[in-house]
Amino acid sequence: MTQQQRRATRSALARYGQRGYRQTFEGRGWSLAIEQARLLRMRYFEHRSIEDVMEQLNLSYSTYQKAHSDLLSTIAVYAAHNGQL
C-alpha cells in the first residue's frame, strides 16, 4: 500500500461514520469494502454460516461469493508477501 493509498483509506474511514456519507458515490465504494471486512469477521472469527452472513449483510449468493473470493485473494497476497505462502 502506498502512502497516498494509506492516507486516502484513513480519510475515508474517518468520514465513514458521518451522516449521509454512505449514500455518496465514494461512500458506497467504501461501504462495500467495509462490508467485505465484516464478512471476513463474521465467517471466520465468529464462525457463522454462509447463509447467516448473507442474511445479516443482505447479500445474494453471487455477491457473497465474489466478496469472499476477493477477500481470500487479498489475504493470500499479504500472506505470500510475509512468507506464509
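What comes next concerns the included structure.

Conventions we followed
- Residues numbered from 1 in each chain as written.
- Predicted model: local features only at pLDDT ≥ 70, side-chain atom pairs only at ≥ 80, totals over all residues.
- Heavy atoms only, no water.
- Helix = DSSP H or I, 4+ residues; strand = E, 2+ residues; numbered from the N terminus.
- Buried < 20%, exposed > 50% of the residue type's maximum accessible area, 1.4 Å probe, protein only.
- Contact = heavy atoms within 4.5 Å.
- Areas by Shrake-Rupley, 256 points an atom, 1.4 Å probe, with all protein chains shown as cover.
- Lys, Arg positive; Asp, Glu negative; His and termini not counted.
- Charge placed at Lys NZ, Arg CZ, Asp CG, Glu CD.

**Focus on the overall build of the protein chain**
Part 1 of the reasoning: Summing up its helical and strand segments, the protein chain has four helices and zero strands in all.
Part 2 of the reasoning: Reading the protein chain from its N terminus to its C terminus gives the helix and strand order α-α-α-α.
Part 3 of the reasoning: Counting only C-alpha atoms, the protein chain reaches 35 × 30 × 20 Å along its principal axes.
Part 4 of the reasoning: Within the protein chain, the fraction of its 85 residues that count as buried is 20%.
Part 5 of the reasoning: For the protein chain, the proportion of contacts with a sequence separation of at least 24, taken over those separated by at least 6, is 23%.
Part 6 of the reasoning: For the protein chain, the exposed surface amounts to about 6,400 Å²; the carbon and sulfur share of it is 54%.
Part 7 of the reasoning: Across the protein chain, 12 positive and 7 negative side-chain charges occur, with their mean positions spaced 11 Å apart.

**A short note on the environment of Asn 58**
Part 1 of the reasoning: Along the chain, the position of Asn 58 falls in the loop between α3 (50-57) and α4 (61-81).
Part 2 of the reasoning: It is 17 Å that separates the C-alpha atoms of Asn 58 and Gln 23, two residues lying 35 residues apart in sequence.

**Overview of unusual backbone geometry**
Part 1 of the reasoning: Unlike most non-glycine residues, His 47 shows phi in positive territory, near 55°.
Part 2 of the reasoning: Positionally, His 47 belongs in the loop between α2 (25-45) and α3.
Part 3 of the reasoning: With relative accessibility at 65%, the residue His 47 sits in the exposed group.
Part 4 of the reasoning: Notably, Asn 58 is not glycine yet its phi reads approximately 55°, a positive angle.
Part 5 of the reasoning: In this structure Asn 58 comes out as exposed when scored by relative accessible area, which is 70%.

In short, geometric facts, not functional conclusions.
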